[in-house]
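Letter by letter, the chains look like this.
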Amino acid sequence: MILTIWRHGQAANAAVDSERELTETGMDDVGFGSDQFRQQCELRKLPLPGLIFHSRWLRTSQTADIISRHFPQAALEAAEVLIPGSGINAVNHFLENYTEAAIEHLMLVSHQPLVSALVDHYLGESGRVAPLVPGGFAVLDMDVVALGCADLLFSAQPPEYRPQA
């Protein structure tokens, strides 16, 4: 299974954290990043995302919506396990439901520190991928949802979104 872990785009301040909206820069970064991501998937002959899960918080919902416009074949769904405060074990349990499914490529859109912790966990080493900045993502290849059981395919960060492997 291909797993893409994407941090929400840059967000503005708000009185309630869960209601923070993407800034114009955040929207632009995610749109450009989605184009670059699609090109890299096609270039590398990777399956396109079939499911995009996101936290129900506004900035991740907006990020996932922008990404989904580039992947109309992908179902878009909020997942409680991706809200801030969730942990690696909860996400592992959630993902185990999809490893045997016919879905070849899943995407998770969430928050720091969870997104970078997940990348480090699945790669089995800390810092191999720079901490994901707003709009950054990492693409992993994994057969088992467990510590150190993924290979890094590529990652990219705004504003350039140059793939790093």
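In this report, we go over the structure that sits alongside the text.

Rules of the game
- Residues numbered from 1 in each chain as written.
- Predicted model: local features only at pLDDT ≥ 70, side-chain atom pairs only at ≥ 80, totals over all residues.
- Heavy atoms only, no water.
- Helix = DSSP H or I, 4+ residues; strand = E, 2+ residues; numbered from the N terminus.
- Rg over C-alpha atoms; globule rule 2.2 N^0.38 Å.
- Buried < 20%, exposed > 50% of the residue type's maximum accessible area, 1.4 Å probe, protein only.
- Contact = heavy atoms within 4.5 Å.
- Lys, Arg positive; Asp, Glu negative; His and termini not counted.
- Charge placed at Lys NZ, Arg CZ, Asp CG, Glu CD.
- Pairing = 2+ DSSP bridges.
- Axes fitted to C-alpha atoms, helices over the stretch in contact; angles between N-to-C directions.
- Parallel < 35°, antiparallel > 145°, perpendicular 65-115°, else oblique.
- Left-handed = near helix turned anticlockwise from the far one by under 90°.
- Nonpolar A, V, L, I, M, F, W, Y, C, P; charged D, E, K, R; others polar.
- Phe/Tyr/Trp six-rings, centres within 6.5 Å; stacked < 30°, edge-to-face > 60°.

**Describing the overall build of the protein**
When you go through the protein residue by residue, the secondary structure sums to 4 helices and 6 strands. Counting from the amino terminus, helix and strand elements in the protein follow one another as β-α-β-α-β-α-β-α-β-β. A globule of 165 residues ought to have a C-alpha radius of gyration of about 15 Å, and the protein, at 14 Å, matches this closely. Viewed in the frame of its principal axes, the protein has a C-alpha envelope of about 40 × 35 × 30 Å. Per-residue burial over the protein gives 50% buried out of 165 residues. The long-range fraction of contacts in the protein, counting pairs at least 24 apart against all pairs at least 6 apart in sequence, stands at 68%. The averaged location of the 20 negative side-chain charges in the protein is 5 Å from the averaged location of its 10 positive side-chain charges.

**Some points on helix α4 (residues 114-123)**
Residues spaced three or four apart along an α-helix point in a common direction, a consequence of the helix completing one turn every 3.6 residues. The buried fraction of α4 is high, at 9 of 10 residues. What α4 keeps buried is the set Leu114, Val115, Ser116, Leu118, Val119, Asp120, His121, Tyr122 and Leu123. Elements in contact with the buried residues of α4: β1 (2-7), α3 (88-96), β4 (105-110), β5 (137-142) and β6 (150-156).

**Quick look at the pairing of β1**
Most of β1 is tucked away, with 6 of its 6 residues classed as buried. The sheet contact formed by β1 and β4 spans 6 bridges and is parallel. Each residue of the ladder has a partner; that of Trp6, found in β4, is Val109. For β1 and β5, the ladder comprises 5 bridges, and the chain directions are antiparallel.

**Here we look at the packing of α3 against α4**
Across the interface, α3 lies against α4 with an axial gap of 10 Å and an inter-helix angle of 70°. The orientation of α3 with respect to α4, classified from their angle, is roughly perpendicular. For the element pair α3 and α4, the recorded crossing hand is right-handed. Contacts between α3 and α4 involve Ile88, Val91, Asn92 and Leu95 on the former and, on the latter, Leu114, Ala117, Leu118, His121 and Tyr122. Its residues placed into classes, the contact of α3 with α4 shows 7 nonpolar, 2 polar and no charged.

**So, the environment of Ile103**
Considering the arrangement of structural elements, one finds Ile103 in the loop between α3 and β4. With 102 residues separating them along the chain, Ile103 and Met1 place their C-alpha atoms 7.4 Å apart.

**Here's the deal with the packing of aromatic side chains**
Applying the stated criterion across every chain, the model contains 11 aromatic pairs. Aromatic pair Phe37 and Phe154: ring centres 6.3 Å apart, planes at 40°, arrangement tilted. Of the two residues, Phe37 is situated in helix α1 (residues 24-43) and Phe154 in strand β6; the sequence distance between them amounts to 117 residues. Each of the two residues, Phe37 as well as Phe154, counts as buried. An angle of 85° between the planes, with centres 6.1 Å apart, marks the rings of Phe137 and Phe154 as edge-to-face. One end of the pair, Phe137, is in strand β5; the other, Phe154, is in strand β6, with 17 residues separating them in the sequence.

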